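For reference, the chains in residue letters:
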Amino acid sequence: MCFDGHHFKSYQNRIGLDPILPADKISSLYADSKGTLWVGSNNGIFRYNFLTDQFQGDFEELDKVYIHDLAEDQQGRLYLATDEGLALFEPKTQETKWYTGPNQSADQKHELPDLDNIKLVTLQPDGRLWLVPFDGGLYRFDPQTLELESFPELNGTALDQLYLTQIAYLDDRLFMSTLSTGFFEFDPENQTLKNYTFEDQTYDIHHFSAEKNGTFWLASNSGLIRYNTHTQDYQRYTNVPGDPLSLERTAVDYVMLDRDNDLWTSSGIRGINYGINNIPFEHLMFSQDLGYTLFQKEVHAIHFDFENNMWVGYESGLVEKHDPITYTKTQHWIKSKSKSGQTGAIFGIFEDSRRNIWVGGWQSGLQKLNRVSNTFQHVSLKPDSISDFLETADIRDIVEDAEGNLWLTVHGNGIIRYKPASGLAHQFRHDPNDPDNSLSNDFTFNMAVDRDNNLWIATAHGISKFNPKSQQFSNYYNDPENLMSLSSNTVQTIHCDQSGFIWAGTNNGINVYWPQHDQFLPIADETTINNQNISSIESVKPGEVWTSTKSGIFRIHYSWDDTQNFQYDLDYFAHTDGLISSNYFDRSSATHSDSIIYFGGNEGVDFFNVYSSFDALNFTSKAIITETSVYGKPVFPAYSKDDPSLRELELSHHRQMISFRFTSLNFVGPEKQKYRYKLEGFDEQWIIPQTEQVATYTRLKPGTYLFRVETTDRLGEWNSQASAIRLKIKPPFWMTIPFIIFSIALVIGVFVLIQRLRNRALLRRQFQLEMIIEERTRELQTKNQELEKANLTKNKFFSIISHDLKSPFSGLLGLLDLLSNADEKEFEQEKDMLKLANDSAKNIYKLLEKLLTWANAQSDKLRYHPAENDLSKILHNNIELSREPATQKNIQIKAQFPDQLIAVFDPDMIDTVVRNLLSNAIKFTKPEGTIGLTAEKSNDEVVVRVADNGIGLSPEQQTNLFDLTRNQRSGTAGETGTGLGLLICKEFVTKNKGEIWTTPNRPNGTIFHFTLPVK
């Protein structure tokens, strides 16, 4: 089986499975110094090829040999313990040399016939080997001298009678585990043998694994044992009922320390366990089977007295004293004077400077331990008004100031100062009439006394600071407009740390008090503590605080630089880091004198020494690309020649679907691991997969890409150590450089040939043109004089032509209209021709109308009658007139203007302007296009806009838009034009005291604007 952190992949010797493992039984796995995985089996030895995901073997001399164990020497050669003796295998040459057994080489000087079924083998640094045969005994073999030493008996122990399960040579010692006699340490130099059975309970050691500091992990039927060979100390780990962090099963068959020094154990039918080694967290939990455990899981108050007894307050109203010396517990059920007589959760436990123990909780009032009767009793206060309501009050916290006064937070009733010597009490509450010099809120949670004897109170609405000398309150609140204020008004806990700084935990993050600015600074971090619901705060070392939350525990390292800027970094610890709880109760915490912090949570109490090493939890996982496939079939990238650390894959252009599967070897909370990937050259941004760790790409263009994948660390920040594969998509032959060069050369050759032929034709044509030019020049000089005279009469000429042709064409159009309405089927062809003639005649008629209009304007014969008119009616009429030509090109006309829009203009002229602009827009708009007609009143004028998304105008065309000689072009359907319509529009708009201009319509088209005065 292969486990990548998320999935198991099976390799079996069964027909039809790919890849096939060439053996039925696997006896050993060994990873050599180069990272190659070797497999010992009943059919020889095999090695795993990571690039092809295949097991390779077929070594002739080892065929059908049962390989039991492997060991590697300093040259990278493998010593094999087999059923046919001891063999040396050279991976480079794939040659095998036999030292013992029936296959022993002919040139051997010594015959060792008895060692033909070897179970275990290990190496000394000097190259000598230790061997254990199946039939018993212990041997040391020197491959250089071929000398064999036997150790049948040492210090009265018959080694040849022991059932050895594993051997390892470390620090000049040979360590051996047995199934019946425990664990042995053998010093070959001094010939001494030590035997360890661990309180005479553990004799059966199945397997062991060693740390670098001389500590061994032993797998036995009576648990997992951690044994230090230097101090002779050991710890036993077993299955604890109800403890999810204990072993799944007490009996352990196999143990392994990986490269991160984390533990893997196998317990037979219970599968595989994974554990983080050297975890600093310990816990107290509820258990009916074990001593010195919690009576209940829900711990709401923790306190250590001067004798280091731990006092625990439960949700049920029970106060429990734990003696660390005798490991005994004393229980006190707190009684209430309420009608029910039942007390709720205990929130406050405190020992004052006079060694008195005080408790408070829900409906418990204030109670003190009577040392004589060993019971808690209610305390009477003065005056009676305070004492009466306090008997059933909800007390959340108890603290003592420098003068020996006790301060109580009474939830819903503010705070109370109590002087035990006189019994006098004074209550402080919120005053709505004087909110700035009173408590910020009566629903108080807990308090902290700073180094100046000021009292800081956490409430349901802000923080209050009380100066006992001046009797003055200062309040601090959340200001949504000020980032330098409390992150929330719901302040659940407050704490003065070892450096004297005040910390406030809210339901929306943690805050630190900034004395220089007299304000609270929120600790904002995008990935971790920001928006956390803070439960409790503790501190031991200056510059460091610990806080429990509703989702784990944070450690904050902080400092103030020379400019008083706050610098900090965070560490986050969760259930997957060894904590028993995942949700911690408000203000359930305490600090032991030995620098141990306790936090109470939903599954018990977690505790740890702040000076412990947390390095075991600071792992850095790296994303790994586990599989690359094309159309679902695996492909295997090779390592790059120019960059050995990078793999690359080359594909032809028609293989258009490639997938990358990735994971990370993070076994601590892999469900929280996040990934992101990016195909550089294709993806512009990182892509974060939501479910499956796979990236698939299709239809990639030819080119070089780099696929990169990253994962997050334990704080949720992206690890820059990305895994990558370079991907090359080969282009088709027509996109290759040789083909492109050939194509360019061919085009150039054809172009040169055409140019030569064209130049010859041009020379002949040039000569002919020169002759023609000379003749035409003379003609132009004569005609130029005639044109000057003709220009004087052109206005009158256009007027005459328009008037003379208008009447005949009107008659012609009437006749054509009658003919086109014929119904006889035999005249269908003639009807089509007549319709064409009708359309042609209509176009000529429109032209003549424009000519007449323009001529009248030029000769000042056009009548101008300005008056107040409704522009909306003209716009509506022209839209309806334009519907038919627009529909023929599937153009949509959108209009937006008021129902009534009054302006001063000549209605005939502006009607002509609107009609021409709409006709012009339809002409230059492509089929399926859109035309917009809008009008609105702006200041003292009305602005009309006709917008199309057609072919638009170039800068030059826009400049010469109203030049009749330079503004002629065809429409999108081949419509012809003279530019006369726009010229008429400009003259009519100007005549009506308005302006007309154009702007581009992004991304395509043109907008015509014109204005008309309102008055």
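Definitions and limits used
- Residues numbered from 1 in each chain as written.
- Predicted model: local features only at pLDDT ≥ 70, side-chain atom pairs only at ≥ 80, totals over all residues.
- Heavy atoms only, no water.
- Helix = DSSP H or I, 4+ residues; strand = E, 2+ residues; numbered from the N terminus.
- Buried < 20%, exposed > 50% of the residue type's maximum accessible area, 1.4 Å probe, protein only.
- Contact = heavy atoms within 4.5 Å.
- Areas by Shrake-Rupley, 256 points an atom, 1.4 Å probe, with all protein chains shown as cover.
- Pairing = 2+ DSSP bridges.
- Axes fitted to C-alpha atoms, helices over the stretch in contact; angles between N-to-C directions.
- UniProt positions renumbered as here; feature names shortened; annotations may be inferred.
- Patch = residues over 30% accessible without salt bridge, like charges linked within 9 Å, V, L, I, M, F, W, Y side chains within 5 Å.
- Salt bridge = Lys/Arg side-chain N within 4 Å of Asp/Glu carboxyl O.
- Lys, Arg positive; Asp, Glu negative; His and termini not counted.
- Charge placed at Lys NZ, Arg CZ, Asp CG, Glu CD.
- Core = buried A, V, L, I, M, F, W, Y, C linked by side-chain atoms within 4.5 Å.
- Polar contact = N/O pair within 3.5 Å; in protein donor to acceptor, adjacent residues only side chain to side chain.
- Phe/Tyr/Trp six-rings, centres within 6.5 Å; stacked < 30°, edge-to-face > 60°.
- Lys NZ or Arg CZ within 6 Å of the ring centre and 35° of its normal.
- Expected span 1.5 Å × (residues − 1).
- Left-handed = near helix turned anticlockwise from the far one by under 90°.
- Nonpolar A, V, L, I, M, F, W, Y, C, P; charged D, E, K, R; others polar.

### Considering the overall build of the protein
Along the backbone of the protein there are nine helices and 71 strands. When each of the 1015 residues of the protein is scored for burial, the buried share is 46%. Look at the contacts in the protein between residues 6 or more apart in sequence, and 52% of them connect residues 24 or more apart. Total accessible area computed for the protein in this model is approximately 53500 Å², and 49% of it derives from carbon and sulfur atoms.

### Regarding the sheet that holds strand 18 (residues 173–178)
The strands making up a sheet are joined through hydrogen bonds of the backbone, oriented either antiparallel or parallel. One open sheet holds the four strands; their spatial order is 17-18-19-20, and the pairing between them is antiparallel. Every other strand in the sheet has two partners, leaving strand 17 (164–170) and strand 20 (192–196) as the edge strands with one partner each. Averaged over neighbouring strand pairs, the angle between their axes works out to 20 degrees when direction is ignored. The sheet contact formed by strand 17 and strand 18 spans six bridges and is antiparallel. Its bridge partner being in strand 18, I167 is matched across the sheet by M176.

### Here's the deal with the UniProt feature "transmembrane region" (unreviewed entry) in the protein
What UniProt calls "transmembrane region" (unreviewed entry) maps, in this numbering, to residues 733–754. The span residues 733–754 is 82% helical and 0% strand by assignment, and the distance between its end C-alpha atoms comes to 28 Å.

### Re a negative patch on the surface
A contiguous patch of negative charge, built from E60, E61, D63 and E95, is present on the exposed surface. Along the chain, E60 falls in the loop between strand 6 (54–56) and strand 7 (67–72). According to the relative accessible area criterion, E60 is exposed, its value standing at 74%.

### Digging into the environment of V709
Tracing the backbone shows V709 in strand 63 (residues 703–711). For the pair formed by V709 and A623, sequence separation is 86 residues and the distance between their alpha carbons is 6.4 Å. The contacts of V709, once residues within four sequence positions are left out, are A623, I625, F662, R676, Y677, A722 and S723.

### Comments concerning the nonpolar core
L871, L875, L917, I931, V944 and F1010 are the most contacted members of the largest nonpolar core, which has 38 residues in total. Looking at this core, the elements that each hand over two or more residues are helix 6 (871–888), strand 67 (902–905), helix 7 (907–923), strand 68 (930–938), strand 69 (941–948), helix 9 (980–991) and strand 71 (1006–1013). Non-local contacts of I931, meaning those with residues more than four positions away in its chain, are made with I891, Q892, I893, K894, L918, A921, I922, T925, V946, A947 and D948. Judged by nonpolar contacts, the second largest core, of 21 residues, contains L651, Y705, F707 and I725.

### Observations regarding the sheet that holds strand 10 (residues 95–98)
Reading across from one edge, 7-8-9-10 is the order of the four strands in this open sheet, with antiparallel pairing throughout. Either end of the sheet is taken by a strand with one partner, and the two such strands are strand 7 and strand 10. Strand-to-strand twist in this sheet, taken as the mean axis angle between neighbours without regard to direction, amounts to 25 degrees. Bridge count between strand 7 and strand 8 (residues 78–82): five bridges; the pairing is antiparallel. Counted as the bridge partner of E72 is L78 from strand 8.

### Comments concerning the side chain of E72
For E72, the position within the fold is in strand 7. A polar contact of 2.8 Å, which involves the side chain of E72, links it to the side chain of S33. Apart from the residues within four sequence positions on either side, E72 is in contact with Y30, D32, S33, R77, L78 and L123.

### Remarks on the packing of aromatic side chains
The tally for this structure, following the rule as stated, stands at 54 aromatic pairs. Where F662 meets Y675, the ring centres are 5.6 Å apart and the plane angle is 55 degrees; that geometry is what we call tilted. Residue F662 is found in strand 60 (residues 657–664), and its partner Y675 is found in strand 61 (residues 675–680); the two are separated by 13 residues along the sequence. Put simply, the rings of F501, W503, W514, Y558, W560, F566 and Y568 touch in pairs and so form one group of aromatic residues. Looking at R355, its charged tip hangs above the ring of F306, at a distance of 3.7 Å from the centre.

### As for the pairing of strand 63
Successive residues of a regular strand alternate their side chains across the two faces of the sheet. Of the pairings in the sheet, the one linking strand 61 to strand 63 comprises six bridges and is antiparallel in character. Note on strand 63: the bridge partner recorded for E680 is L706. Sheet analysis places strand 63 next to strand 64 (residues 723–729), joined by seven bridges and oriented antiparallel. Across the sheet, the residue bridging to G703 is I729, located in strand 64.

### Here we look at helix 7
A turn of α-helix holds 3.6 residues, and therefore any two residues three or four places apart point the same way. Over its 17 residues, helix 7 runs 24 Å from end to end, which matches the ideal 24 Å to within 8%, given 1.5 Å per residue. By the criterion of burial, helix 7 is predominantly enclosed, with 12 of the 17 residues buried. Along helix 7, the positions that sit buried rather than exposed are M909, I910, T912, V913, V914, N916, L917, L918, N920, A921, I922 and K923. Put simply, D906 is the residue that caps the front of helix 7, since its side-chain oxygen is 2.9 Å from the backbone nitrogen of D908.

### Remarks on the packing of helix 6 against helix 7
It is the contact of helix 6 with helix 7, at a shortest axis distance of 9 Å, that shows an interaxial angle of 35 degrees. Between helix 6 and helix 7 lies a crossing of right-handed hand. From helix 6, L871, I874, L875, N878, I879, S882, P885 and A886 reach across to helix 7, where they touch P907, I910, D911, V914, R915, L918 and I922. When grouped by side-chain class, the residues that make up the contact of helix 6 with helix 7 number 11 nonpolar, two polar and two charged.

### Re the packing of helix 7 against helix 9
Contact geometry for helix 7 and helix 9: axes closest at 9 Å, N-to-C directions at 145 degrees. Note that helix 7 runs across helix 9; the crossing there is left-handed. Counted together, M909, T912, V913, N916, L917 and N920 of helix 7 and G981, L982, I984, C985, F988, V989 and K991 of helix 9 form the full contact between these two elements. In terms of residue class, the contact of helix 7 with helix 9 is made up of eight nonpolar, four polar and one charged.

### With respect to unusual backbone geometry
For the bond running from K382 to P383, omega is 0 degrees, close enough to zero to count as cis. By the element assignment, P383 lies in the loop between strand 36 (375–378) and helix 2 (384–390). With an omega of 0 degrees, the peptide bond running from R1002 to P1003 counts as cis. Residues other than glycine seldom take positive phi values, yet Q94 does so here, at roughly 60 degrees. Residue placement: Q94 occurs in the loop between strand 9 (85–90) and strand 10. With a relative accessible area of 41%, Q94 lands in the partly exposed category. Positive phi is not limited to glycine here, since Q471 has a value of about 55 degrees. Here Q471 falls in the partly exposed class, since its relative accessible area comes to 34%.

### Quick look at the side chain of S28
Looking at the element boundaries, S28 is found in strand 3 (residues 26–31). Non-local contacts of S28, meaning those with residues more than four positions away in its chain, are made with W38, V39, G40, I67, H68, D69 and L70.

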